[in-house]
Every structure is written in C-alpha cells, then in structure tokens.
Amino acid sequence: MTTRITVALKRLFEKNRVVFWYDDKRELRADFEILKIENVEKIEIENNEFSIKYRLLREQPKANFLLYKEDKQPEPLKNWLYDIELANAVFETDQSAIWLSELDLPGEFSELVEKHAKFFEPQGDDETARSLSESRKSILKSLLDTDDTISQVRLKMLAVAAGAKQKGDARLDVILELLMADQAVGDVYSFVVSCNLQEFLWQQVAIQYGYQSDTPSVMDFVFELFKFSYLAELSTGLQGVSLDAEASQKQNMTNNSLVFFKRWKDSRTHQNTFESLSKKCASDLDIESDLNQRSLKEVLELDYFELIDVKVIHDLVHGVAQRTYSQGEVTLWCRQRRQGHWYKKYELLYEAVDVASQFFALLDTVQFDMPDASQAVKRYTRQWFKLDQLYRQYIYALKVSSQHSLLDTLTKQIENLYINNYVQPLTNAWQAHVDAMTAWKVTDIEPQNRFFKKYVEGQYLAKKKKVCVIISDAFRFEAGDEMVSRIRQEDRFEAKLDHALSSMPSYTQLGMASLLPQSKEYPLQLADNKTGTVLMGALSTQGTDNREKILKAIIGERASAVKAKDLIENTQAHNRELLKANDVLYIYHNRIDHTGDKMQSEGEAFEATEKTFDDLMKLVKKLTNANANNIIITADHGFIYQNSVLEDSDYLVKDVEGEILYNDRRFVLGKGLICGKSLKAFSNDGLGVVGDVHAVVPKGIQRLRLSGSGSRFVHGGASLQEVIIPIISINKKRSSDIRMVEVDVIRSGSSVITSGQITVTLYQEEAVTEKIQPRALRLGIYTESGTLISDCHTVDLDLTSENPREREMKLRFLLNQEADSANNQEVILRLEETVVGTNQFKSYKELRYTIRRSFTSDFDF
C-alpha cells in the first residue's frame, strides 16, 4: 500500500505545494510515518492549525508540505485551513481515489471506477496477477484523453479488458473482433463480465449494429451476425431448417453490421477466427440444407461459409457436364469466385471446371480436315494443339486437387471425348498423309535436323551473337505455347513460338542428335546394335559429355554442353565465366521424359510438365543474370498420354519380320524389317540417316506391348503430339515492357449519395495480355479526414475479353453508421493498390461524391 500511496502523492505534488491527507478510518498512520518523499515535509494536524498556517504562509511559503490528520475531513466552517485546502489538493486514501489519481482522472469518475473495480484489482495474489493489473492501468492511462466523457473512458476500459493495447484499438469493432477471437482460445469475455462491463458492451452493440437479446453473448452475436449477413445478400426467403421465418424476425441488425462483418471476414489478422466461427455457424444454422434449395446464381457472390464454395463447384461440375452453362458463363463465374475467402483452397477445382468447359466448347467447333500434311501441321499448331493443352491442364488440376469423386462424371466425359473424339480422329486423318510418305518430311515445315543451321547459326552465330540452347526432353508443342505466355509476362522478356518436325522415330537419342550441328563428316546413324543409340560418324551422341565432344568437333572450343541441374546450382559468377568462354551453350533438361518413361511414375507426366515450367523459368533467369541475351528452348520430341488405363484393343501385335535390334512401345529398329498393314516402315534414307538400320512405327495411337514398361505415356511414333516440337526464341530487353491495365470508374448517374448504399461500375480500359498485366485494387468510401464509412472491396481487374462491355465490373458499397456524420458533406471513393513488396497501399484514383440523405432513408419502407 505504501508504494501506491507514495506514487499517488508524488503525482499530486507535481501540481500542488500542499497536500492534505485525512485518515478517517484511522488505519494509515504507519504508512504516513514511514513515508518519505524528497523535498516534502510531513506535518500532523492535531489542534495546531494556526501554527501550521503561519509556517506555510509566512515562514516557508515555497516549501512542500504533506498535512496528515488521523480523523475525517472537518466541515468547511470548522476548518481553519480550508482556504489553503481549496488552493491545493486533498489526498483521498480509499482505493477508488488512488486509482483515479493514478489515471489522472477527476473525482467525478469515482463512481465509474467503483462500478468496475475488478478491472483495477489483481485477479489473484501472485506477482503475475499484480503485474497484469498494473499493465491494464498503464495501457488505459495511455489511451485516455483529457476531454474524455464517462462513456468514452468506459469504452477504453472495455477495449483494454478485451486485450487492446493501442490507442486506435479503442473502438467497438476492434473490441468485438478481440472477443470473437477469444471464443476459440481463452476467457477474455468472462473477465469483461467480472469487470461489470458487459452491460455497457451490449448497449453499444445494440446502438451500432442493431443486435439485441435478452441473454446476449459473444457467440450469440456471432451467430446472428452470420445469419443476418448471409440473408442480407439473398433475395428470397429462408428455406433451411434453422433459417426459418421466426428466426428471421429476430434480425434487427443494420447495414453497419454487414460492413463490420465484411471487414472482419477479409482481415488477415482474424482469418483463422473467421474460418473457425464460420464452420461452427454453418453447422448450427444448417446452411447445407438452405444451400440445397438455392440456385447457383443466387449464391455466386457470397463467401461467408466454405459450404458455399462446395455448393458452387458442385453445381458448376454438373452444369458443365450436362452442358447447362455456356463456356463464357463458366469462365466469368470462376473468375468472380477469385475474390472469395476460400478461393485459394479450391482454386484447382475452379480451374478444372473452367478448363473442362473450354475443352467442350473448343471440341464442338473443331473439324479435322487436312488437305495435305503441311496444312495438317499448320492447323495443329494454330488451333488443335489447344485441346491437348486443355486436357493436360484438366488432368493436372484433377490429380493435384485429389477430388476424383467430385469430378468423376466430368473426368469420364473428358477422357472419352479426348481419346475418341479428338486424338483418334486427328491421328487417323493425319495417318493418311504419313502413309503416303516415302521419306519423313513435310513441305514447308522445318525438319529437326536443320534446327542448328536455321536457328542457332542463321539467327545468331552468323551475326556474331552468342546463344544458349535449352533442350527439355519431351517438352511438347502445347507446353511450349504456355511457356511463351509465362515468359512474356516477365518484365523485359520477349518470346516467340515456332515449330519443327522432329526426326522419326520420335525418341530421345535421335531427337537429341538431330538438334546438334549437322555435317557430312559426322552423319546421323542408328547404331547397328541393341542399344538404340544414335551415332554421328564414329561418335556416340548419348549423354551430355558426348554431345559436348560433337559440339566442339564441329563448331570449335567455344561451344559447350551442361546439365540444367548444374547450371541452376552454379553461382552467378561461375555461370558468367561459362557464358564468357562460349559462343554456343547447350543445356540439357530432363524432367518430363524421366517421369513419364517409368511405369511407376508415368501418371505424373503432367505434374512433371508443370514443374518443368518453373525449371525453365529459373534457367532463363539464371542465364540472363549471367549476361545471356539470346536463348532458345526446344525439345527432342513430344509424347501422347492418356490418363485412363488402356484397353487390349489399344495394343498391336508386333507384326514385324527381319532383324530386330531395338524395340519400344511406339517403334522398332532393325535391319531388313517388313511389317503388316497396321504399321508403317521407313527406310534409312527416308529417315535421313546412314547405315542399314531403319525403323517401323505403329499407325494411329496404338502401342506395341513391352514387358516392364508403362503404356499411357509413350512417344516414338508419328502422331502430331509426338512429332511437332516447339522452338521458343527468347530475348531480354534493356527497358521495361510491361504495364498495369488502366481502370476507370463509370458513375451510375448522379454524384450524390441519397441512401445507405451506392453502386459503381469499374471499367477495365483494355484487355489483359502478357504485357498488359492485371491490376489489384482496394476500394472504399472515406471522409475528408480519412475515416472509412463503407465496406471495402478488393478486386482483381484481369479480364481478357476484347469486348469492352465484358470488361465492366459492378460493385455495391454499403455505408456504415459513421456515414451519418458526413451527411451534406463531400466524401471520397478511393481506389488504392499495394506498394510492391509491402502491405502498404497507395492511391490509384479518387472520385468525389456528396452524401445528402433524408431522415427517411434509414427506414425500410
């Protein structure tokens, strides 16, 4: 007690020369006697008032005195020192007075501290409890302002009791967020009750949010908040088990509560709390039953419960499978859901649905007419390949999401259509042109063995420019198209896609050899043994070291070959030295073929493709950081893949006679080979190789049986997916070449706000492309002083449509209670975007409105 008395008295002496201390209960003499305060003299009042007065006013008029009387304070008419007392201060020794003194609060707040005494008292006898008590008082004092009313002080006490520590946190919305967070982790609300602050809390909640209950509680408020917010966004009545008409009549909550709810929902700080309480309320409210009776379009804009995403995806899956929705609608709705709270969790499922819809729409328009082989290749590289791309994207989303049961109907349709309505008819039509070939070549289509001559030497070496060539095993054309788009999204990177016809058979050894520089001294030759190896002259082309020997033998010492893994792991300094020492650098990457060629992992071929995109981007950036300006990405061959298990009819009998040296699932190598009608033979001249070894490949997409080998991922044959390879030319520019898309706001009529809400239309001025990138904006309505008076919207402007009307986005803003104070004033619609690399926002655009609301605007007429 002595310590507290000392602290309280010191505060009083900061502003007063004389302090009176009346010990009316006669219990603090011991504290007075041991008390020591520097520069303060203690005097006890015991019928010596006149001498004390003389001493204070005449003898020591500037000295500090503590006057103690072991009795109650005398009445003014009987108090000889009353004039001195009025000019100075009286030290109150009861606990409430001490607390007031510690907080620098005047006497009129005594009733407040007495009513909420538990707030100030230690909640136990140990040092921790005392420390927490002192901390609460210290935080409260830091929040107080000199002009605070009793209600404002009580609100700040409530904030501290709930766990607030900063001045800006003494707001009802922050207090509620803290109390709601406590539902899962502690007993903060029980402390609020022990402090007798709960009545004030629920009075304020009723005033600001319209929540009223005979037995209010935090969980009941949460329950009503979720219910009201959910119903406020739905146009029809309640149908669910818990959401009945009687329950709906209890909904007296206001727009202010909806604004609060949305802000809380979108807060990163309270994300876990929101998700936990959302799950509990979804169960208690039986949201599933209500959603079962809602249409997809009714709930598209809602994200208050995770079950809504489940409902939306379920309906989209069945709608796409039954062709109920157009491709445009599905893409738009999936994009809409990107703003939802649970989108990241279900992103792959939304992607699967969107891609499936695009696949069906494209397949419906495709006709596999090809008057000649050249037209077949051109049409494949312009349009048909997209079906392979969409199939890969769908299967990837299916596998990574692991939602096979949900997507089962869609998967069966896509699998059936991909094989029977796309791959087989396309390959059969193409096979007619392959059957007519005596040599493996297509007019106007560059063959793979001219790759070095045309792209490496012709575009770069002949112009005294250095070049790096990345060869990714089994990186097929459709993946090359997606890779170009990804590269072009990077600042200062430009990429162009071309294609070539791979060598036949389309397998690794021959494809890799064909990409090396060709010369008469080093002709391509299939090895006359059972290895399937390809030679150039007497040199083997198998492996990075042997390919480097060939590069140096034909080009010279300023040519090298490295593995992609090594280049990625090298330091920047090492890579710079490597590039400085070479005019041509071949880099070999092998993830897709390494995965797909194994029976145990062939089903992961599309996951390997996705990882390959990341690998290749790392390589490109590693090379450009090491001062490479010219990069080419290509492949040795493509592949065909189906996710479903093959039928017996998908296999061919190996109807081949002659000296078989090497055979795989899609080709046979040997000498003097003769085959049946279901296979196609090419002579060594027709393949463009020397020697006696030539090849036989199956027609269409059928496989040859091979013990111990997989069958879904195959290559070596003549299908377009196997033999059309991408050639990506990449350059890095000196200056930035990307920019963010511009966004404008279309006012819906007047600039005057006359009700509790306003709708605005965002207009994305151009379509998003690789070089015109999306813009993410946060929007809200603020007063001139910066107070937010509406809910906030965070939106991604990433629309790709060329149609201007399809690049409009409507947003509805709800005004909160604080908007009332801005009536007849100008307010600002702010469009803000994040500062790169931070959590801060900067202004993008502003529009001014005037609030002019009638007193009738708050009534629901």
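Residues numbered from 1 in each chain as written. Predicted model: local features only at pLDDT ≥ 70, side-chain atom pairs only at ≥ 80, totals over all residues. Heavy atoms only, no water.

- The name given to the chain in an unreviewed UniProt entry is BREX-1 system phosphatase PglZ type A, with the source organism recorded as Vibrio algivorus.

## Some details on the environment of Leu28
1) Next: One can find Leu28 in the loop between strand E1 (18-22) and helix H2 (29-34).
2) Next: On the basis of relative accessibility, which here comes to 7%, the residue Leu28 falls in the buried class.
3) Next: The sequence separation of Leu28 and Tyr68 amounts to 40 residues, and the corresponding C-alpha distance is 10.0 Å. (Helix = DSSP H or I, 4+ residues; strand = E, 2+ residues; numbered from the N terminus. Buried < 20%, exposed > 50% of the residue type's maximum accessible area, 1.4 Å probe, protein only.)

## A closer look at the confidence of the model for the chain
1) Next: Of all residues in the chain, 96% have pLDDT values of 70 or greater, and the mean over the chain is 91.
2) Next: Low pLDDT, under 50, characterises residues 235-242; the stretch is placed with 18 contacts to residues that sit more than four places away or in other chains.
3) Next: Predicted confidence for residues 855-861 stays below pLDDT 50, and this span has four contacts to residues more than four positions away or in other chains. (pLDDT = per-residue confidence, 0-100. Contact = heavy atoms within 4.5 Å.)

## Concerning a nonpolar patch on the surface
1) Next: A grouping of Phe50, Tyr54 and Trp80 is seen on the molecular surface, where their side chains present a nonpolar patch of about 420 Å² in accessible area.
2) Next: By secondary structure assignment, the location of Phe50 is in helix H3 (residues 49-59). (Patch = residues over 30% accessible without salt bridge, like charges linked within 9 Å, V, L, I, M, F, W, Y side chains within 5 Å. Areas by Shrake-Rupley, 256 points an atom, 1.4 Å probe, with all protein chains shown as cover. Salt bridge = Lys/Arg side-chain N within 4 Å of Asp/Glu carboxyl O.)

## Topic: the pairing of strand E30 (residues 826-834)
Along any regular strand the residues' side chains alternate between the sheet's two faces.
1) Next: The buried fraction of E30 amounts to seven of the nine residues, a majority that puts the element mostly inside the structure.
2) Next: The pairing of strand E27 (residues 775-782) with E30 spans five bridges and is classified as antiparallel. By the bridge assignment for E30, Arg778 is matched with Glu832.
3) Next: Relative to strand E31 (residues 841-851), E30 is paired through nine bridges, and the arrangement is antiparallel. Bridge assignment links Leu831 to a residue of E31, and that residue is Lys845.
4) Next: Hairpin connection of E30 to E31: six residues between the antiparallel strands, including Gly837 at a positive phi of 80°. (Pairing = 2+ DSSP bridges.)

## Observations regarding the pairing of strand E28 (residues 793-797)
1) Next: In E28, alternate side chains face the same way, and those of His793, Val795 and Leu797 are buried while those of Thr794 and Asp796 on the opposite face are not.
2) Next: Bridge count between E27 and E28: five bridges; the pairing is antiparallel. Note that in E28 the partner of Ala776 across the bridge is Asp796.

## A few points about unusual backbone geometry
1) Next: Of the consecutive residues Met504 and Pro505, the connecting peptide bond is found in the cis state with omega at 0°.
2) Next: Considering the arrangement of structural elements, one finds Pro505 in the loop between strand E6 (493-501) and helix H26 (508-514).
3) Next: At Asn196, a residue that is not glycine, the phi angle is positive and equals roughly 65°.
4) Next: Mapped onto the elements of the fold, Asn196 is located in the loop between helix H11 (188-194) and helix H12 (198-209).
5) Next: Although it is not a glycine, Arg323 adopts a positive phi angle of roughly 60°.
6) Next: Among the secondary structure elements, Arg323 is positioned in the loop between helix H19 (306-321) and helix H20 (327-336).

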